[in-house]
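Structure assessment
Now for the letters of each chain:
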Amino acid sequence: MAVVRGFLGFATACRDFCVLVVLVLVVHPHRANGIRRALTAPSKDVKPSVAGVCAASVIVHGYKCQEFKVTTKDGYILSLQRIPEGRVVQKDGNKRQPVLLQHGLFMDGMSWFLNSPEQNLPMILADNGFDVWISNTRGTRFSRKHTSLNSSTTDFWNWTWDELASFDMPAVIDFVCGQTGQKINYVGHSQGTLIALVSFSEGKLVKQMKSVALLSPVAYMSNMNTALGRVAAKTFVGEMGTMYGDAEFNPKMVEVGDFIKSLCTYSGVDCYDILSDFTGKNCCLNSSSFDLFLANEGQSTSTKNMIHFAQTFRDGTLAKYDYAWPLYNEMHYGQVTPPIYNLSNIPHDLPLFLSYGGQDALSDVQDVKLLLGNLKVHDVDKLSVQFIKEYAHLDFIMGLNAKDKVYNQVVTFFKHQNS
Ligand SMILES: *[C@@H]1O[C@H](CO)[C@@H](O)[C@H](O)[C@H]1NC(C)=O
Ligand SMILES: *[C@@H]1O[C@H](CO)[C@@H](O)[C@H](O)[C@H]1NC(C)=O
Ligand SMILES: *[C@@H]1O[C@H](CO)[C@@H](O)[C@H](O)[C@H]1NC(C)=O
Ligand SMILES: *[C@@H]1O[C@H](CO)[C@@H](O)[C@H](O)[C@H]1NC(C)=O
């Protein structure tokens, strides 16, 4: 409950949730007023899980589950789970195909498991004969160890999604390929799509991929065009850096709540009214699952990562982290501006499935169109695009009807690419 209250505390401090607006989490449970209810008077005392993902979310449903640790080249020790098979083991003699699921910003591996086994993606994949792997990004609760750095120091938090792409992804993918001896199918949500896209655009990891599904794809962000979005992005680029340096950005932390509160006051933005315009309305969340979500998610990232997102929003291009001073960029990149990720360079024959929502304010339709513009040169028979009019950001991981709307299509796509 402590964590829930912390979460509620900071959110209500900002007149209900504008922090999550800033935080790139889009939350609006089914049938209105859900957020107010969930934040001010949770219907149940839902506790966050302290056990690992396997113990808390998988084994209890009768699936096998294994926990692994993977160390990145820059020393972060990530936790990784494996569901090697479904509840009913198919004896068809075929080797199980590995699938890796990569969560988004402020979430962790557990965010895939908030709905019942019949409704959540990893278990549906396992029951369809896949060997399912779940990764947990550095800084989230089960991936906060390092070979030499302590997570309470700023050095631990000196990274952005550039490093998630260049260190976390290859470490996890090498490990899964090594364990299974096969190429993998990848599923990313939100930030998990961004780090895949930029890696592939540099030609990295492609050889280890069999096929790729991108849910709520995030690449370009400049169409998150609301007043609060603009103010927040400006503030992250300007003040936030000096206020918090390279520190942890924990959405449950009091100081962050205070920061957001001052943001709402000083910008003249009414954080409450802007909510429904801004976040996008998730059509199809179960309020029990949503309570679980509030109890478990809101995972940490680095402040530097937030600044990098704000730069992407501001600049309308997809580039590496901007050190702001030409000299610093020169030092890091050998040029005065940060190098651009050119998504047109994603190999044209990489099988891609892309699903986006009409209500998703973070993966805005206009921004997805820019991404699709880059993919115009993609081989036609290797690109499958799905648009779900009523879906917003969270529906893709916890929509009650996501199985029918999205997951069955992902399964079919993977099976087709593998046949
Ligand atoms: C990290 O630092 C904190 C505070 O100084 C300390 O309590 C903790 O034991 C340290 N953790 C490790 C793994 O050394
Ligand atoms: C953070 O990492 C960069 C390299 O990625 C390095 O140049 C910089 O000095 C580091 N910052 C701190 C405060 O250690
Ligand atoms: C919502 O979640 C609860 C708790 O997991 C479950 O009992 C209920 O059946 C779910 N409702 C729907 C419509 O799936
Ligand atoms: C990206 O690459 C494509 C083809 O490789 C090229 O035509 C385009 O000009 C590049 N865009 C940028 C911004 O460099």
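Computed from a predicted structure; not experimentally measured.

So, about the packing of helix α6 (residues 161-180) against helix α7 (residues 191-201). In contact at an axis separation of 9 Å, α6 and α7 are set at 75° when each is read in the N-to-C sense. Relative to α7, the element α6 lies roughly perpendicular. Across the interface between the two elements, Trp161, Leu164, Ala165 and Met169 from α6 touch Gln191, Leu194, Ile195, Ala196, Val198 and Ser199 from α7.

Around ligand 3, the neighbouring residues are Gln119, Asn286, Ser288 and Leu400. Separating an oxygen atom of ligand 3 from a side-chain N or O atom of glutamine 119 is a distance of 3.3 Å.

Take the pairing of strand β7 (residues 209-217) next. Regular strands place side chains that alternate from one sheet face to the opposite one. Counted residue by residue, β7 has 8 buried out of 9 residues, so it is predominantly covered. In this structure, strand β6 (residues 184-190) lies alongside β7, joined through 7 bridges in parallel fashion. Bridged to serine 190 within β7 is proline 217. In this region the chain leaves β6, passes through α7 and returns to the parallel neighbour β7; the handedness of that crossover is right-handed.

What follows covers the environment of lysine 376. Topologically, lysine 376 is positioned in the loop between α14 (365-374) and β11 (383-388). For lysine 376, a relative accessible area of 71% translates into the label exposed. Sequence-wise, lysine 376 and serine 344 are 32 residues apart; in three dimensions their C-alpha atoms are separated by 8.1 Å.

Time to look at the pattern of salt bridges. Inspection of every chain in the model, using the stated rule, returns 11 salt bridges. Linking aspartate 74 and arginine 138 is a salt bridge whose minimum nitrogen-to-oxygen distance equals 2.9 Å. Pair noted here: aspartate 74 is in the loop between β1 (66-71) and β2 (76-83) and arginine 138 is in the loop between β4 (130-135) and β5 (145-146), with a separation of 64 residues, a long-range link. What makes aspartate 74 partly exposed here is its relative accessible area of 23%. Between aspartate 322 and arginine 314 there is a salt bridge; the shortest N-O distance is 3.9 Å. Accessibility expressed as a relative area gives 42% for arginine 314, which makes it partly exposed.

Reading the values: rules and limits
- Residues numbered from 1 in each chain as written.
- Chains lettered and ligands numbered in written order.
- Predicted model: local features only at pLDDT ≥ 70, side-chain atom pairs only at ≥ 80, totals over all residues.
- Heavy atoms only, no water.
- Axes fitted to C-alpha atoms, helices over the stretch in contact; angles between N-to-C directions.
- Helix = DSSP H or I, 4+ residues; strand = E, 2+ residues; numbered from the N terminus.
- Parallel < 35°, antiparallel > 145°, perpendicular 65-115°, else oblique.
- Contact = heavy atoms within 4.5 Å.
- Near = heavy atom within 4 Å.
- Polar contact = N/O pair within 3.5 Å; in protein donor to acceptor, adjacent residues only side chain to side chain.
- Buried < 20%, exposed > 50% of the residue type's maximum accessible area, 1.4 Å probe, protein only.
- Pairing = 2+ DSSP bridges.
- Right-handed = clockwise from strand over helix to strand, strands pointing away.
- Salt bridge = Lys/Arg side-chain N within 4 Å of Asp/Glu carboxyl O.

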